[in-house]
Amino acid sequence: MNDYDMRKSSAEERRKQRFINKSAAVSVKYLRKIDDLPHKPEALEPFMNILRHIFVDMQGAVKPENTPSVGTYCVMVPPELIYAAGAMPVKLCGGSYTAFNIGDDIAPRDVCPLVKAVMGFESIDVMPVYQECEMMAVPITCDCKKKLAGYLGQHHPTVTLHVPSRRDRDADMEQYVRELYLFSQKLTDLTGVPLSYERLSYACGMTAAAQYELSRFIELRRKAPLVIKGTHYMAVMNAMSYTHISIWTEYMRALNDELEQKIKRGEMASKENRPRILITGSPIVFPNFKLPLLIEEMGGVLVGDETCMGERGAYDPPAIADRSVDGIMRALANKSTRPCTCPTFTDNKRRVYRIMQMLKNYKVQGVIYHVLRGCLVYDYEYRVLEEELGKLNIPVIRVESEYNEEDVEQLRIRVEAFIELIKYGKG
Amino acid sequence: MKNKTVGRILFAVFAVALCAAAYFAADLAFFQYDDPLERATLSVVNDGEALSFTYDNDAITLHGGDNTTVYALTMGGTAVVEDTYSESFPSDFSGSFAAVQTGIREDTDGDGVKEDITRIAKTDMEYTQGYDATANAFLSEDIPLEVVYKDREKFTVYYLAKPVKNAEITVTLADGSEQVFTTDESGDITGLNLNDVRNGLTFTYRPNPLTTLSIHYQVEADTIFTVRWLSAMLPFGIIILISAVCITLDVFLRKLLYKNEKLPIGKTGIMARDKRRKRFVFGFETVRWIIMILSFALLIFGSRLTGTVFSSVQLPIFACPYNLDQLTSSGCYMLSHLDVLVSSWKEILAFFGTFLVCAVLLGRVLCGFVCPLGFIQDVAHEARQALHIEGISLNERLYAVLRMVKWVMLIIFLGIGFVGGNFCDFCPAMALSPALAGFKLSLGLGGFVMVIVLVSGFFKRRCFCNICPLGFILGLTHKISLFKLKKDAVACTECGACYEACPMGIKSVFTVREGKGKYDIQCIDVTTSDCIMCGECVRCCPENNALAITFCGKKIYTADRMKFMKQYAPRPCKKKGKDHE
């Protein structure tokens, strides 16, 4: 190795070390902020540990030995299929500011920060949770994801899933079923476990157990929206992305049990008179927790979220009407695309309905519409939602942000004003 | 464009072929029993027993038959059966015998005066107790006292071919107990238990103190759990066998095809099991199965179990009226034989009355809960579920084809009678319930149709219901039916689970977003004429209150997320975090 290479590699090493230090520091900061929020349930600790494990200790995903990881970039990849193949899905949508800065140099200016962060992680090559993935599955939900798939393909074996742009035609659904079959074949090539009813049904049972706990949680929260801080809940859902589902289920059960006790004792996480706020729009990925934290710091309560890294992440269960391989595959394709509120679909009236339902369930008083700069499809839907919510007399603001901390103060003012508006404005 | 034309031509050819097949259904026999009169033999024994007919399989025996004249009912009237009894029946014999014994003088009522006694025995073979409104009656001077069994409900008593009005008739049951009945204005006796009839009855009538007439009546019906019953089940057994062979062939063929295609599509893990215990959730589906099994039993053995038959209730379902043991009658016969409908006003009124009441009160709930043909398809579907064999999932295009087939079926169903065909020969239901009740029925094309029903029902749940003409007619009133399917478009996530689960392929359930008005989004009526109210959509709906079945506006079954999840999620295991491998 000549001198130039030496210097270059050591520069590369230093860069990596710097990245690790920086990104760990950011993560520690946000973890502490989450920790510092009052009324933290005891059972939240394991979830925090998972996030710490991934982002501070820089370890791989929490999973049993010898389970290969498959990186997924959207909720439209059914985790059941991956569990059935004996692998484990890891949701890799990035939220790291440090990685974003690196990705900023590689990607075009107008690309959304999420994709930039992923590309940054990919190029810096230090996060084990990214590096240990033996395959990447990228549903083509938008142009950025399309190009991302191409970029990832240079580093990992990558599978793209073509997502139809409409959902009301049967032909589109059948096409996605076929897409899933092809995906499962790739998974079989990876792990050697062929697709069978037994495996699929087993995997579905596993995720169903998790969704059962999640439903229990939603039910508890519907009864008492204030029982847990929204930020804590978002941490729980973010932790799910990096954990084997059965482990997560255990933790979730403990959390549910604790919350149940709390409701019985009447211990709420916030006061009754605080403005209840729902967050929707672009995904909020750890450590980009500035918005939920701001809401709770400014005296609002985050009672619900309609984002893919939050409740949406595991909300829709497959309804297996036909107990055969094809039946389960159809159910999976169905649940991945049809109920998905992703704005990538041409017609998305039902997202408005979904939000209206959440407003009713959680007794929401205001909606914050989160848009990551460059996330066009989400930005498009703001207008529709504003119109509909106007009819219901629910205030809504659009908050655009990037993956950096420069706009925190600006956001703080806007969020504070919004909360004041709900508190006093309607008088 | 060209494809469409080809498709249309193909469909037209298929439709014409189907109509032609339906017209010649009787000639395209699936299973033919011997002609009833060919298989029947009559022998007379003088064993000192009372004058009566008994049945042993197809052999009829006349007991106590000395000094008797045996008459057989023919198309042309009453004919005397010559002394070489068997195989000498008149060629147009229509299945009823009577034996008359006269010239006996005995004192039966114990008043010391000897009376003129005439003993008569009559029997009707099972197939003559059919759906015809006019039962077999000799109405001949040779047979002075006669009872005619009508509709499995009433006996009309004739004395010298005239109805006996307002007279006392003593009925002696097989176990010797006596009941006294009084005939009404038209000479009818009602209120006899069907099972007593089956065991044989003796009617005694005294027109004057010096004359006693008694008639023993036996109907050929006591056939269940005998060799005869098994032989009646033979065609149905053959149908099941052929269906099983078809299904196996299909599975192997598909495996072969998929092998060539190199895709993991169509992997059929027969006998693959998930050993974890699933939670049993008692719900609407359980109730539906209980009702289905109950009604299946009642529509096959009903009158045997309860002893009565409600023949004026004509349920519009495919329960074959050739099965005389069913609890109610079926409206399918009337609808498919509209040309003979104008038989009696009472019957027409009864038919339309029940039909309207059923259609308005229940609608296609009958299809989902009561119809035996639907039940057998559900059983076939459950069999596939247990074996985890790949089904055939239909999409909009295929459902549209089925809808076209339904129109053809409707034309055949309503119109075949007018052109001289008989829908019953084409009807698959004829292979089912009469066979299970022990009635030997020869099957026309209907046997083949039943194979199609079973095989298609195996791969596609309730496939026949999609083309059922009777169900379509029943569904026409869905707008005023009391059972409704309601949807809350706000709660609905449009996940399509209901569409996936719906055996009838009703897509509008998940696509509809607005009801009649623009603001009617919380309680949209999504009932369509296809909906059989099986509740599968509600069971598969993961959203609270998104779908509900209502009766008179009251919710009786509502979608519930926790219930939904319980069906799928296995019980949590005790050990922590050891669920994964």
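About the cut-offs
Residues numbered from 1 in each chain as written. Chains lettered and ligands numbered in written order. Predicted model: local features only at pLDDT ≥ 70, side-chain atom pairs only at ≥ 80, totals over all residues. Axes fitted to C-alpha atoms, helices over the stretch in contact; angles between N-to-C directions. Helix = DSSP H or I, 4+ residues; strand = E, 2+ residues; numbered from the N terminus. Parallel < 35°, antiparallel > 145°, perpendicular 65-115°, else oblique. Contact = placed C-beta atoms within 7 Å. Nonpolar A, V, L, I, M, F, W, Y, C, P; charged D, E, K, R; others polar. Buried ≥ 20, exposed ≤ 12 C-beta atoms within 10 Å, placed from the backbone. Pairing = 2+ DSSP bridges. Core = buried A, V, L, I, M, F, W, Y, C linked by C-beta atoms within 7 Å. Domains from an automatic or database assignment.

Draft legend 1. Representation of the packing of helix H1 (residues 3-36) of chain A against helix H2 (residues 45-55) of chain A in the model. Residue and element names in this part refer to chain A. Between H1 and H2, whose axes approach to 10 Å, the crossing angle comes to 170 degrees. In this view, H1 runs roughly antiparallel relative to H2, as classed from their interaxial angle. On H2, the residues that touch Ala24, Ser27, Leu31, Ile34 and Asp35 of H1 are Met48, Leu51, Arg52 and Phe55. Considered class by class, the residues forming the contact of H1 with H2 number 6 nonpolar, 1 polar and 2 charged.

Draft legend 2. Summary view of the environment of alanine 171 of chain A. Residue and element names in this part refer to chain A. Here alanine 171 shows up in helix H8 (residues 170-191). With 11 C-beta atoms counted inside 10 Å, the residue alanine 171 sits in the exposed group. In the structure, alanine 171 is positioned 86 residues away from alanine 85 in sequence and 26 Å away in space, judged by C-alpha atoms.

Draft legend 3. Geometry of the sheet that holds strand E5 (residues 276-281) of chain A. Residue and element names in this part refer to chain A. In spatial order, the strands read E6-E5-E7-E8; together these 4 strands make up an open sheet with parallel pairing. Looking at the sheet topology across the chains shown, the edges are occupied by strand E6 (301-306) and strand E8 (396-401). The mean angle between the axes of side-by-side strands here comes to 25 degrees, regardless of whether they run parallel or antiparallel. Both E5 and E6 contribute to a ladder of 5 bridges, which runs parallel. Opposite isoleucine 279, over in E6, you have aspartate 305 as the bridge partner. Of the strands in this sheet, E5, strand E7 (366-372) and E8 touch helix H15 (residues 376-392), which is tilted by about 165 degrees from E7.

Draft legend 4. Seen up close, the nonpolar core. One finds Leu366, Leu432, Cys498 and Cys541 of chain B to be the most contacted residues of the largest nonpolar core, which totals 302 residues. Considering each element in turn, this core owes the most residues, 13 residues, to helix H9 (residues 197-223) of chain A. Other than its neighbours up to four places away in sequence, leucine 366 of chain B contacts Leu315, Pro316, Ile317, Cys358, Cys371 and Leu474 of chain B.

Draft legend 5. Examining the environment of alanine 50 of chain B more closely. Residues and elements named next belong to chain B. With respect to the element layout, alanine 50 can be found in the loop between strand E1 (41-45) and strand E2 (52-56). Accessibility expressed as a C-beta count within 10 Å gives 14 for alanine 50, which makes it partly exposed. Expressed as a C-alpha distance, the spacing of alanine 50 and cysteine 19, which sit 31 residues apart in the sequence, is 53 Å. Leave out the neighbours within four places in its chain, and alanine 50 touches Gly64 and His216.

Draft legend 6. Fine view of the sheet that holds strand E3 (residues 133-140) of chain A. Residue and element names in this part refer to chain A. An order of E2-E1-E3-E4 is seen for the 4 strands of this open sheet, with the pairing classed as parallel. Where the open sheet ends on each side, the last strands, each with one partner, are strand E2 (88-91) and strand E4 (158-162). Strand-to-strand, the axes of this sheet are offset by a mean angle of 25 degrees, without reference to chain direction. The pairing of strand E1 (residues 69-72) with E2 spans 4 bridges and is parallel. Of the residues in E2, the one forming a bridge with threonine 72 is lysine 91. Helix-sheet contacts for helix H7 (residues 143-153) involve E3 and E4, and the interaxial angle to E3 is about 160 degrees. Seen against the sheet, H8 touches E3 and E4 and runs at an angle of roughly 165 degrees to E4.

Draft legend 7. Quick look at the domain arrangement of chain B. Residue and element names in this part refer to chain B. What the domain assignment lists for chain B is domain 1 (36-219), domain 2 (225-475) and domain 3 (483-568). Centre-to-centre separation of domain 2 and domain 3, based on C-alpha positions: 25 Å. Each partner contributes residues to the interface: domain 2 has 21 residues there, and domain 3 has 18 residues. Sorting the residues of the side of domain 2 that touches domain 3 by element identifies helix H5 (284-306), helix H8 (365-369), helix H10 (396-415), helix H14 (463-467) and helix H15 (469-475) as the ones contributing at least two each. Considering only residue class, the side of domain 2 that touches domain 3 consists of 9 nonpolar, 5 polar and 7 charged.

Draft legend 8. Local environment of unusual backbone geometry. Of note, the amide linkage connecting phenylalanine 286 of chain A to proline 287 of chain A takes the cis form, showing an omega dihedral of 5 degrees. By the element assignment, proline 287 of chain A lies in the loop between E5 and helix H12 (290-297). The phi dihedral of methionine 58 of chain A falls on the positive side, at around 55 degrees, and the residue is not glycine. The partly exposed category is assigned to methionine 58 of chain A, around which 15 C-beta atoms lie within 10 Å. Here asparagine 166 of chain B, not a glycine, exhibits a phi torsion of approximately 50 degrees, which is positive. Here asparagine 166 of chain B shows up in the loop between strand E10 (162-163) and strand E11 (168-172).

Draft legend 9. Up close: the interface of chain A and chain B. Each side of the interface is counted separately: chain A has 51 residues, and chain B has 44 residues. Counting residues per element, the ones that place at least two in the side of chain A that touches chain B are H8, H9, helix H11 (245-265), helix H13 (325-337) and helix H14 (349-362) of chain A. By residue class, the composition of the side of chain A that touches chain B is 20 nonpolar, 14 polar and 17 charged.

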